[in-house]
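Observations on the model geometry
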Amino acid sequence: MNFDDALPWWQALTPRQIGQLAADDAVAVLPLAAIEQHGEHLPLSTDLDIALGLLCAARSCLRANLAWCVLPPLCVGLSLEHTAFPGTLSLTPETALASVVELGESVRRAGIRRLVLFNSHGGNSAIVDLAALKLRADRRMLVVRANYLRFAPPPEAIPAAELRHGIHGGALETAMMLHLAPHKVRRQTLANFHSLGEDLEMAGRVLRPGGQAGFGWMAQDLNPAGVVGNATLADATLGARLVDHFAATLALVIEEAADFDLSALAEHGPRWEPC
Ligand SMILES: [Zn+2]
């Protein structure tokens, strides 16, 4: 796919056009991804490929004449949990948070107050949460935390246990890659990658990677291959269904960000008169 024309890129515009977007009270979307190991069956770019694929699919769901644009993706994110594997690029948490906040401040400086942080990598979620709060507190912006991994999946598309445990390189990501970029999937290495989380769940533990109480983990703690989930459940048909579903949710998120009443972002808390 030629991404040059596929999305309304911020970087394709001129200052005057950005000014028009601000006058139109536009929504800016910042794609947040990762360049990190996804086992031997998927490329390092998996999260970036999925983010851009979902955005392209969402575009066709958006209502006509919506004022919006897409910022250059933050390709590298917070991937500390994958640093034991060659190829993973990672920012530190401090740099990742500062990068998102500083890009948000640049958007605000251009006069745009609606920002959707569209994230395709679980390890970035904490950064998304903190950046959204900081930009709200400091710049009085609407900053949407849109982690597609937290969107409700299509009903019964993937077994519930696979959704709980197959959080990296499993059926979900592999299926979407088979739809979006099949030439990048090494099909001969697809396998069922068992997770430590399944063992802990079977043992009835409260303390699990994604349980009621979790713990900090590195990818190799969950499976020595660094991936978890049953990638053999993936096929391109499932991938197309997942992409359509998540893209429709993303389009709703962007439209609701455009419609959100910014006066709800109050300038001050209550003022108490001195007694
Ligand atoms: Zn991923």
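Every value quoted in this text rests on a predicted model; they were computed, and no experiment measured them.

Each value, and the rule that gives it
- Residues numbered from 1 in each chain as written.
- Predicted model: local features only at pLDDT ≥ 70, side-chain atom pairs only at ≥ 80, totals over all residues.
- Helix = DSSP H or I, 4+ residues; strand = E, 2+ residues; numbered from the N terminus.
- Rg over C-alpha atoms; globule rule 2.2 N^0.38 Å.
- Buried ≥ 20, exposed ≤ 12 C-beta atoms within 10 Å, placed from the backbone.
- Axes fitted to C-alpha atoms, helices over the stretch in contact; angles between N-to-C directions.
- Parallel < 35°, antiparallel > 145°, perpendicular 65-115°, else oblique.
- Left-handed = near helix turned anticlockwise from the far one by under 90°.
- Contact = placed C-beta atoms within 7 Å.
- Nonpolar A, V, L, I, M, F, W, Y, C, P; charged D, E, K, R; others polar.
- Pairing = 2+ DSSP bridges.
- Core = buried A, V, L, I, M, F, W, Y, C linked by C-beta atoms within 7 Å.

Time to look at the overall build of the chain. Across its full length, the chain holds 10 helices and six strands. In summary, the chain has a C-alpha radius of gyration of 20 Å against a globular reference of 19 Å for 275 residues, a match within 12%. In the chain, which comprises 275 residues, the proportion classed as buried is 44%.

For the pair helix H3 (residues 46–59) and helix H10 (residues 236–259), interaxial distance at closest approach is 8 Å and the crossing angle is 70°. Classified by the interaxial angle, the pair formed by H3 and H10 is roughly perpendicular. Like other packed secondary-structure pairs, H3 and H10 cross with a definite hand, here right-handed. Contacts between H3 and H10 involve Gly53, Leu54, Ala57 and Ala58 from the former and Val243, Asp244, Phe246, Ala247, Leu250, Ala251 and Ile254 from the latter. Among the residues forming the contact of H3 with H10, the class breakdown is nine nonpolar, one polar and one charged.

The next thing to look at is the environment of glutamate 40. With respect to the helices, strands and loops of the structure, glutamate 40 is situated in the loop between strand E1 (27–32) and H3. Overall, the presence of 14 C-beta atoms within 10 Å leaves glutamate 40 in the partly exposed class. Separated by 146 residues in the primary sequence, glutamate 40 and arginine 186 place their C-alpha atoms 7.2 Å from one another.

Most of helix H7 (residues 171–180) is tucked away: 10 of the 10 residues are buried. Those residues of H7 that sit buried are Ala171, Leu172, Glu173, Thr174, Ala175, Met176, Met177, Leu178, His179 and Leu180. Residues of H7 that are buried sit in contact with H3, helix H6 (160–165), strand E6 (229–230) and H10.

Moving on: the sheet that holds E1. Strand order in the open sheet formed by four strands is E2-E1-E3-E4, with parallel pairing between adjacent strands. Each end of this open sheet is capped by a strand with a single partner; those strands are strand E2 (68–70) and strand E4 (142–147). Shown here is a sheet whose adjacent strand axes are inclined to one another by a mean of 20°, direction ignored. Pairing of strand E3 (residues 114–119) with E4 involves six bridges; the strand directions are parallel. Counterpart to valine 116 in the pairing with E4 is valine 144. Sheet strands touched by H3: E1, E2 and E3. Its angle to E1, the strand with the most contacts, is close to 150°. Where H10 meets the sheet, it contacts E1, E2, E3 and E4, and its direction lies at approximately 160° from that of E3.

For the rest of this paragraph, the subject is the nonpolar core. Ranked by size, the top nonpolar core spans 77 residues in total, and within it Ala28, Val29, Leu54, Val116, Leu117 and Leu250 carry the most contacts. With 10 residues, H10 is the largest single contributor of residues to this core. In this structure alanine 28 touches Trp10, Cys69, Leu71, Val107, Ile112, Arg114 and Leu115, once residues within four positions along its chain are discounted.

Okay, the environment of isoleucine 158 next. With respect to the helices and strands, the residue isoleucine 158 is situated in the loop between E4 and H6. For the pair isoleucine 158 and histidine 268, spaced 110 residues apart in sequence, the C-alpha to C-alpha distance is 45 Å. With residues near it in sequence (within four places) discarded, isoleucine 158 still touches Pro153, Leu163, Ala171 and Leu172.

To characterise two packed helices, one gives the angle between the axes of the helices and the distance between these axes. Viewed as axis vectors pointing N to C, H3 and H7 meet at an angle of 65°, and their least axial separation amounts to 10 Å. The way H3 lies across H7 gives a crossing that is left-handed. Contacts between H3 and H7 involve Thr46, Asp49, Ile50 and Gly53 from the former and Glu173, Met176, Met177 and Leu180 from the latter.

What follows covers unusual backbone geometry. Notably, aspartate 25 is not glycine yet its phi reads approximately 55°, a positive angle. By the element assignment, aspartate 25 lies in the loop between helix H2 (15–23) and E1. Since 13 C-beta atoms lie within 10 Å of it, aspartate 25 is described here as partly exposed. Of note in this structure, arginine 140 is not a glycine but carries a positive phi near 50°. Relative to the assigned elements, arginine 140 resides in the loop between helix H5 (125–139) and E4. According to the C-beta neighbour criterion, arginine 140 is partly exposed, with 13 such atoms within 10 Å.

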